[in-house]
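Here's the letter readout for the chains.
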Amino acid sequence: MVETEAFIDEAIAEIREAIGDANAVIALSGGVDSSVAATLAYEAVGDQLTPVYVDTGLMRKGETEEIRDTFSFMESLRVIEAQERFFDRLAGVTDPEEKRHAIGEGFIDEFETVARDVDADYLVQGTIYPDRIESEGNIKSHHNVGGLPEVVDFEGLVEPVRDLYKDEVREVARELGLEEIISERMPFPGPGLAVRIVGEVTPEKAAVAREATHVVEEELEEYDPWQAFAAVLGKATGVKGDNRVHGWVVAVRSVESRDGMTARAQELDWSTLQRIQSRITGENEDVARVVYDVTHKPPATIEYE
Ligand code: XMP
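Residues numbered from 1 in each chain as written. Predicted model: local features only at pLDDT ≥ 70, side-chain atom pairs only at ≥ 80, totals over all residues. Heavy atoms only, no water.

Okay, the packing of helix α1 (residues 4–19) against helix α8 (residues 166–175) next. To describe two helices that pack against each other, one gives the angle between their axes and the distance between the axes. Across the interface, α1 lies against α8 with an axial gap of 10 Å and an inter-helix angle of 85°. It follows from the interaxial angle that α1 and α8 lie roughly perpendicular. Packed against α1, whose contacting residues are Thr4, Glu5, Phe7 and Ile8, the element α8 presents Glu171, Val172 and Glu175 at the interface. Broken down by class, the residue content of the contact of α1 with α8 amounts to three nonpolar, one polar and three charged. (Axes fitted to C-alpha atoms, helices over the stretch in contact; angles between N-to-C directions. Helix = DSSP H or I, 4+ residues; strand = E, 2+ residues; numbered from the N terminus. Parallel < 35°, antiparallel > 145°, perpendicular 65-115°, else oblique. Contact = heavy atoms within 4.5 Å. Nonpolar A, V, L, I, M, F, W, Y, C, P; charged D, E, K, R; others polar.)

Here the focus is the pattern of salt bridges. Overall, the coordinates contain 19 salt bridges when judged by the stated rule. Put simply, arginine 279 and glutamate 283 hold a salt bridge, and the shortest N to O gap is 3.2 Å. Residue arginine 279 and its partner glutamate 283 are both found in helix α11 (residues 270–283); the two are separated by four residues, about one turn of the helix. Where salt bridges share partners, they join Glu218, Glu219, Arg275, Arg279 and Glu283 into one cluster. (Salt bridge = Lys/Arg side-chain N within 4 Å of Asp/Glu carboxyl O.)

In this section: the environment of alanine 37. Examined against the element boundaries, alanine 37 turns out to sit in helix α2 (residues 32–45). Alanine 37 sits 136 residues away from alanine 173 along the chain, and the two C-alpha atoms are 9.4 Å apart.

Counting 45 residues, the largest nonpolar core has Val25, Val54, Leu58, Phe154, Val216 and Ile280 as the members making the most contacts within it. Only β2 (49–55), α4 (83–90), α5 (96–117), α10 (203–219), β6 (227–240), β7 (243–256) and α11 provide two or more residues apiece to this core. No other element matches α5, which puts seven residues into this core. Formed by 37 residues, the second largest nonpolar core is a distinct cluster that contains Ala11, Ala24, Ala37 and Ile128. (Core = buried A, V, L, I, M, F, W, Y, C linked by side-chain atoms within 4.5 Å. Buried < 20%, exposed > 50% of the residue type's maximum accessible area, 1.4 Å probe, protein only.)

In structure tokens, the structure reads:
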């Protein structure tokens, strides 16, 4: 987009006009879309906007701290520590769509509480053009706060990046000075690590997925994958020291893709794979095996659930 600066000025003016003297909330996920929308809206109305970041316990390593740092210029930012409430909701839930629902409902509950607390009349959202196209068809329960407008009776919805494609949003992010970690970050699903854990989500499995994903992201940086992460599949037998153990099976996934609709498993060097394996099993004594997923999409999906 040639006119990034002009877009920013116009977007800020439009948001100011839409919200006026009222209060607004936005769900800040740390993804580039909501980060850009929140920054534009904060520029427009300052602390009349309450950005809400919910730590579900299913975030990537260090993500919550990064959000606090990156958005420390927003005095009204609320970081909600909701880990326990999310793990409670997810206890015993094994069906992938039920998991998504439990998480979606959890998000809505957390936001509703804040929206009522600050008396918000407006909801700002980081919806981008492809989201609007997708939600016209029936994709899946991707948008965690999709149900929010039905729960809270907002006066209006403000979507400052609704006509932009992802690469345009990234350009705006750079122009706004949002750190590279936000503007160039890999896509991360709304339900977070929950879709990278097969079966019930527990704090222990989330910790394994989080640490292993961190290793994968670090080790694969030079391959510049579209998405790379680790998933927890279940348990299998291994040997640690002199003992047989029943430990976690961690799958490593690294894919190339343009839009996530189709994807190719990336070809990695054996030495890279071995380094990943040895770090993941070395750093967590409860991991017994590491496997590499060589399946393209289709037939597999990118995430595990
Ligand atoms: P799949 O696993 O369907 O993923 O091949 C395609 C892309 O969508 C992301 N994804 C999600 N994003 N909520 C999201 O916000 C979800 O429930 C969800 N499931 C998958 C996935 O990370 C990939 O980029």
